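# Reading the structure
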Amino acid sequence: MNEVLQRYMHVLKRSQQNIIMPRQKIKAAVNLRTLPENKDFQINSAGKKNEKPCQPMYTSAVLPDSTGKIIIKLHAKPGAKENMITSIDENVVSVQVAAPPVDGEANNELVGFIAELLGVRKRNVVLEKGFKSREKTLSVTADELTISTVLEKLRSSLK
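In this convention, every chain numbers its residues from 1, walking through the sequence in written order. Totals for whole chains, interfaces and linings use all residues, but because this is a predicted model, local features are given only for residues with pLDDT of at least 70 and pairs of side-chain atoms are given and counted only at 80 or more. Water and hydrogen atoms play no part in the side-chain values, which are based on all heavy atoms of the structure.

### A few points about the overall build of the protein chain
By the criteria applied, helices consist of DSSP H or I runs no shorter than four residues and strands consist of E runs no shorter than two, each listed in order from the N terminus. Counting its secondary structure elements, the protein chain contains four helices and eight strands. Reading the protein chain from its N end, one meets helices and strands in the order α-α-β-β-β-β-β-β-α-β-β-α. Only protein chains enter the accessibility calculation, which uses a 1.4 Å probe; a residue whose area is less than 20% of its type maximum is buried, one above 50% is exposed, and one in between is partly exposed. The buried share among the 159 residues of the protein chain stands at 32%. Counting only contacts in the protein chain whose residues sit at least 6 apart along the sequence, the fraction spanning at least 24 positions is 46%. Using the Shrake-Rupley algorithm and a 1.4 Å probe, accessible areas are obtained, with residue cover drawn only from the displayed protein chains. Within the structure as shown, the protein chain displays about 10600 Å² of accessible surface, and the carbon and sulfur contribution to it stands at 48%. Contact between two residues is taken to exist if any of their heavy atoms lie within 4.5 Å; hydrogens are not considered.

Shown next, in the form of structure tokens:
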């Protein structure tokens, strides 16, 4: 079992260093069916496993999706005077919304604000998670947008 975990960590470290390996090589290097489910492991210098969570592959507020969408993690602050982006942290984009959190008004205002900010149609921005929470996840579908352009547009509107 130790060998499998060491190979898994080796593959994980290589993927974090932006060395892209084809899916077949990853499956050949690590037999994923033998890894324990619902736990992440790190192997210490003595070769023993510690039950510490591994570093995530992306630590950004703007992520790519496997289907080609761009995922934006937001922290919404409803009931503000105007719509604005207040901060862009490592894991979340903070947005003030000028609508009250009643009957989904703030969600609709947030989707419209992000669509206008990115220069896409409102139907291309979808609220995926967080309908009744301040922590929200939006997906943006647009062929002309990349992660760097989305981050650039978000940073340019930062007040």
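Okay, back to it.
### Observations concerning unusual backbone geometry
With a phi angle near 55 degrees, D103 is a residue other than glycine that sits in the positive phi range. Take D103: it is sitting in the loop between β6 (93-97) and α3 (105-118).

### A look at the environment of V93
Tracing the backbone through its elements, the reader meets V93 in strand β6. Residue classification places V93 among the buried positions, given a relative accessible area of 0%.

### Re the pairing of strand β4 (residues 70-78)
In the case of a regular strand, side chains alternate between the two sheet surfaces. Relative to β4, strand β3 (residues 62-64) runs antiparallel, the two being bridged by three bridges. By the bridge assignment for β4, V62 is matched with I72. The hairpin turn running from β3 into β4, its antiparallel successor, is five residues long, and G68 in that turn takes a positive phi close to 95 degrees. For two strands to be treated as a pair, DSSP must find no fewer than two bridges joining them. In the sheet, β4 pairs with strand β8 (residues 135-140) via six bridges, with the strands oriented antiparallel. Directly across from H75, in β8, lies its bridge partner E135. Bridge count between β4 and β6: five bridges; the pairing is parallel.

### Things to note about the confidence of the model for the protein chain
Detailed reading of the predicted coordinates is not advisable wherever pLDDT is low. Per-residue confidence from the predictor is reported as pLDDT, a score between 0 and 100. On average, residues of the protein chain carry a pLDDT of 78, and 63% of them reach 70 or more. Helix α2 (residues 23-29) is the least confidently modelled element of the protein chain, averaging 47 in pLDDT, while β8 averages 96, the highest of any element. This model gives residues 23-41 a pLDDT under 50, and the stretch forms 31 contacts once residues within four places in sequence are excluded.

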